Amino acid sequence: MVTQGLRSPQESVHDLSPIENLRIPSKEELRESREEPTDPQAQQEIINSIEEVYFSNDSFDIVKYELERLPPVLSLQELEEYRDKLKQQQAAVSKKVADLILEKQPAYVEELERVTSLQTGLQLAAVICANGRRHLNIAKEGFTQASLGLLANQRKRQLLIGLLKSLRTIKTLQRTDVRLSEMLEEEDYPGAIQLCLECQKAASTFKHYSCISELNSKLQDTLEQIEEQLDVALSKICKNFDISHYTKVQQAYRLLGKTQTAMDQLHMHFTQAIHNTVFQVVLGYVELCAGNTDTKFQKLQYKDLCTHITSDSYIPCLADLCKALWEVMLSYYRTMQWHENHDQDETATVSSVSDGSNVIGTEENSFDRSYIKKKLEHGLSRIWQDVQLKVKTYLLGTDLSNFKYDDFIFVLDVISRLMQVGEEFCGSKSEVLQESIRKQSVNYFKTYHRTRLEELRMFLENETWELCPVKSSFSILQLHEFKFMEQSRSPSVSPSKQPASAISTAVTLFEQYCNGGNPFEIQADSKDDETEDVLASNGYESDEQEKSAYQEYDSDSDVPEELKRDYVDEQTGDAPMKSVSRETLRSRKRSDYNLNKVNAPILTNTTLNVVRLVGKYMQMMNILKPIAFDVIHFMSQLFDYYLYAVYTFFGRNDTFESTGLGLSSSRLRTTLNRIQESLIDLEVSGDPTGTLTAAEERKEKVPSPHLSHLVVLTSGNSLYGLAERVVATESLVFLAEQFEFLQPHLDAVMPAAKKPFLQQFYSQTVSTASELRKPVYWIVAAKAIDYEQMLLLMTNVKWDVKEIMSQHNVYVDALLKEFEEFNRRLNEVSKRVRIPLPVSNILWEHCIRLANRTLVEGYANVKKCSNEGRALMQLDFQQFLMKLEKLTDIRPIPDKEFVETYIKAYYLTENDMERWIKEHREYSTKHLTNLVNVCLGSHINKKARQKLLAAIDDIDRPKR
């Protein structure tokens, strides 16, 4: 009970070991226990009444505890009662212990047996140990100390060999950084990375050495340094692609497992390269022009830097800018080529070695290739967009309105070539560049065209309409302004100057210049040659320059006779024939007033200037097709103004217009009215009260030109300026022919929506050029022969003769003399200017037509006439026709029937004459009235006369 003070009564009872608590109760305890009640419940209650403190711990001092509990005043009775209580409790506990001992007796016996068995086992173990010691002693005696020492030394040797190998590896690792530096200098990036990775792997094997941990971190730093150098090497690809260099870089990134990262970095480098390249090019020119070393320009933004470019350095800077950007795009193109070829090689290798063992690696490579391909394809448009924006910023940074034409054309050609590069690069239509250059071009071209129109007016007003001597083989394609048309048909020309159809079949610029050269260098070289010729005589410096440029054309002795004949055919409009009859040759010789040998085109310096202008306009249109309509519209204005000037100078005459002879066709009159309304500024001074819109419209118009006072059109000896009139009208016809020649070229570049304008221009304006001959030469014909004198002579003739005359009248000889004089003066004029066959025909036709109408007018003035008088009229007219046919080759004679029909109408009866009057409305009222009056009394009575006059009046009423 004393030893179990820390446990509860129940626990102490159950945990009593048969050995540890083996205590036999005394006789007194057994007696007392027998005296105690044996009721288990009562006994349990006594045990439960024991204070908990007795079970607290083994070191509990019961005596001390009970003594301390004694009251200050002791009572014997209370003490005895308390003692009896304690004895009861002790007895209950002893009885419980005894019961438990009896209960655990079988377990005690079993445990005792186990102890005995254990003692036997221990004795056996002692015997085994003794035997082992005895055997060990025998082994020790059997092996010598030398043998054991040898084994120990061998083991030590093996350990030292392993240590030496490790030390050599460590030594090699420590010297690796030197080899890595050498490999990086040699740009052997794959080898350096391979070596570094192997060193890292080896270092991880020997990481238990303290020196290796430091080396491992150093290798990691080296690897990062290699990656940085690799990134720098990757950036060099952007400006100068090298296959071996790029292959090494890609292999290095593949070893690092960063092929996708490398592609992202590459695109970033290309973007940066574009920015840095354009900035450095522009900065170089800005600093060069500034002439100082001020660094303020380096701090400017690219957009602001572009505004500091001077007009002199603008073109070389643009050329260098495009060259540099070409290098960047070519590097990107070659990068894509490298990946395409590499992918094909890899695919072929994988398909030939595929055994199913590297499926995962193959899938990863395939994914990387797919990623790189998409990234490169997407990068095409991104890079081209960056290029466009940079060039657009440069273009808009300078005002081009003051540029010379050739400089502006060069800018357009460079941008056109750049747009072609963009189309081949990524299939882009370069909307950004097109829009910016279109705006610049339209603004520039409007100003340029306005100036050219003013200059054209000045030239027309100072033009003396002298012949400009050119060879008979002259063609507009010989002019420098039209060289681009010959180049477009030549296969050796650079692609930017070839038509769109040729580009599709030709080699692309990237293929052509893949291994060297630059498409923008050719442009710069070709410009120098063109500039020399164009600027030497551009048509707007002086007339003398133009004349000196063509002074070699004063002879065409080196031109074959066939060319001369063909040219005449071309001028006359006759189709070329294989054989020409002798009669035709004789006829042509007599009709074509050409006493000088040159059958060259008839044109003036002003005509040549207009042709040159057309060439320049087409050159601009060919380079920049989006403004084709504006350019063609301005070209049409050049032709319109030239046509209007020729008409105003030589063809306008209200007196002859009112004759009703149809000299000006309705189409020509419509064209002239349209030109006058749309192009000619008829107001002398601007109206200050006019609207802004009207002012803007006037800006687009040109004042009407005035004929130079040096041109005399009133002299009869020169046939009233016939030479000048021929040069003017035929130069207009020549200009129209050139426009006809150029029509297919214009139609090819004209937008489909605007083609009706071009068709209308050709059908309504260009084709009317030859129609201007009639009104111009009618004025000469009207003045060249004195028709009034002939009328006076006819009034002196008596027509009421009674007998048939055999001799014609004097007025016929006078009229024929006038025609002979006209023929002589025509020959004189032809010594100055070749008169083409159509011109001479029109002149003769006009004169004959006017003479015949004068004859009818003279016959209509006759008061009295007999049948014999009418016969005399026929005799006179037949004499006139017979002599006239010897002077001219025109057949049939114009208006011959007009005279004959009028003369024969005298013989008609009343009914026939009434029908005749209604059918022949080409005669005036005066002619018809006189015819009726003259017939009165001979075969028409007064009643019939009244009837016929009424019929004439009915015909004349609608005219009024």
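Keep in mind it's a predicted model, so treat the numbers as computed, not measured.

1. Quick look at the overall build of the protein
Phase 1 of the analysis: Per the secondary structure count, the protein includes 39 helices and 2 strands.
Phase 2 of the analysis: Of all 960 residues assigned to the protein, the portion counted as buried reaches 42%.
Phase 3 of the analysis: Considering only contacts within the protein whose residues lie at least 6 apart along the sequence, 80% involve residues at least 24 apart.
Phase 4 of the analysis: Surface exposure of the protein reaches about 51,900 Å², of which carbon and sulfur atoms provide 52%.

2. Remarks on unusual backbone geometry
Phase 1 of the analysis: Cis peptide bonds are those with omega within 30 degrees of zero, and the linkage from R891 to P892 qualifies with -10°.
Phase 2 of the analysis: Residues other than glycine seldom take positive phi values, yet S430 does so here, at roughly 55°.
Phase 3 of the analysis: Looking at the element boundaries, S430 is found in the loop between α15 (405-426) and α16 (431-462).
Phase 4 of the analysis: Residue S430 is classed as buried on the basis of its relative accessible area, which comes to 0%.

3. Some thoughts on the confidence of the model for the protein
Do not read the fine detail of predicted coordinates wherever pLDDT is low.
Phase 1 of the analysis: Within the protein, residue pLDDT values average 76, and 75% of them lie at 70 or more.
Phase 2 of the analysis: Highest mean pLDDT in the protein belongs to helix α29 (residues 722-749) (91); lowest belongs to helix α22 (residues 561-572) (38).
Phase 3 of the analysis: Across residues 1-22, where pLDDT falls below 50, the model places 38 contacts with residues more than four positions away in sequence or in other chains.
Phase 4 of the analysis: Here residues 523-597 scores under 50 on pLDDT; set against residues more than four positions off or in separate chains, the count is 116 contacts.

4. Considerations on the packing of aromatic side chains
Phase 1 of the analysis: Per the stated rule, a full pass over the model turns up 34 aromatic pairs.
Phase 2 of the analysis: Seen in terms of ring centroids, F408 and Y444 are 3.9 Å apart; in terms of plane orientation they differ by 15°. Their pairing is stacked. Of this pair, F408 sits in helix α15 while Y444 sits in helix α16; the two residues are 36 residues apart in sequence, bridging distant segments of the chain.
Phase 3 of the analysis: When its relative accessible area of 0% is taken as the criterion, F408 is described as buried.
Phase 4 of the analysis: Using a relative accessible area of 4% as the deciding quantity, one classes Y444 as buried.
Phase 5 of the analysis: A ring pair is formed by F819 and F880, whose centres lie 5.8 Å apart and whose planes are at 50°; its orientation type is tilted. With a gap of 61 residues between them, F819 in helix α33 (residues 810-832) and F880 in helix α35 (residues 867-887) connect regions that are remote in the sequence.

5. Re the packing of helix α10 (residues 243-256) against helix α11 (residues 259-290)
Phase 1 of the analysis: Contact pair α10 / α11: the axes reach a minimum separation of 8 Å and the direction vectors enclose 135°. Relative to α11, the element α10 lies oblique. For the pair α10 and α11, the contacting residues are Y246, Y253 and R254 in the first and T259, A262, M263 and L266 in the second.
Phase 2 of the analysis: Residues of the contact of α10 with α11, tallied by class, amount to 5 nonpolar, 1 polar and 1 charged.

6. Describing the pattern of salt bridges
Phase 1 of the analysis: Taken as a whole and assessed by the stated rule, the structure comprises 29 salt bridges.
Phase 2 of the analysis: A salt bridge links D264 to K375, with the nearest nitrogen and oxygen atoms 3.4 Å apart. Taken together, the residues span a long stretch of sequence, with D264 in helix α11 and K375 in helix α14 (residues 359-396) at a distance of 111 residues.
Phase 3 of the analysis: Salt bridges sharing common partners tie together R450, E454, R457 and E461.

7. Observations concerning a nonpolar patch on the surface
Phase 1 of the analysis: A cluster of nonpolar side chains, V63, L67, L70, L74 and L79, forms an exposed patch at the surface whose accessible area comes to about 440 Å².
Phase 2 of the analysis: Relative to the assigned elements, L70 resides in the loop between α4 (62-69) and α5 (76-103).

8. Examining helix α37 (residues 910-919)
Phase 1 of the analysis: Within α37, the full set of buried residues consists of M913, E914, W916 and I917. With its buried residues spanning 165° around the axis, α37 presents them on a single face. Exposed and oriented more than 90 degrees from the buried face of α37 are N911 and E919.

9. Observations regarding helix α34 (residues 837-860)
Phase 1 of the analysis: Its 24 residues place the ends of α34 34 Å apart at the C-alpha level, agreeing with the 34 Å of an ideal helix rising 1.5 Å per residue.
Phase 2 of the analysis: Burial of α34 is extensive: 20 of the 24 residues sit out of reach of the surface.

10. Comments concerning the environment of A723
Phase 1 of the analysis: Along the chain, A723 turns up in helix α29.
Phase 2 of the analysis: Judged by its relative accessible area of 2%, A723 falls in the buried class.
Phase 3 of the analysis: As a C-alpha pair, A723 and I835 span 112 residues in sequence and 8.4 Å in three-dimensional space.
Phase 4 of the analysis: Excluding its chain neighbours within four sequence positions, the residues that come into contact with A723 are V829, R832 and V833.

Cut-off values and rules
- Residues numbered from 1 in each chain as written.
- Predicted model: local features only at pLDDT ≥ 70, side-chain atom pairs only at ≥ 80, totals over all residues.
- Heavy atoms only, no water.
- Helix = DSSP H or I, 4+ residues; strand = E, 2+ residues; numbered from the N terminus.
- Buried < 20%, exposed > 50% of the residue type's maximum accessible area, 1.4 Å probe, protein only.
- Contact = heavy atoms within 4.5 Å.
- Areas by Shrake-Rupley, 256 points an atom, 1.4 Å probe, with all protein chains shown as cover.
- pLDDT = per-residue confidence, 0-100.
- Phe/Tyr/Trp six-rings, centres within 6.5 Å; stacked < 30°, edge-to-face > 60°.
- Axes fitted to C-alpha atoms, helices over the stretch in contact; angles between N-to-C directions.
- Parallel < 35°, antiparallel > 145°, perpendicular 65-115°, else oblique.
- Nonpolar A, V, L, I, M, F, W, Y, C, P; charged D, E, K, R; others polar.
- Salt bridge = Lys/Arg side-chain N within 4 Å of Asp/Glu carboxyl O.
- Patch = residues over 30% accessible without salt bridge, like charges linked within 9 Å, V, L, I, M, F, W, Y side chains within 5 Å.
- Arc of directions from axis to C-beta.
- Expected span 1.5 Å × (residues − 1).

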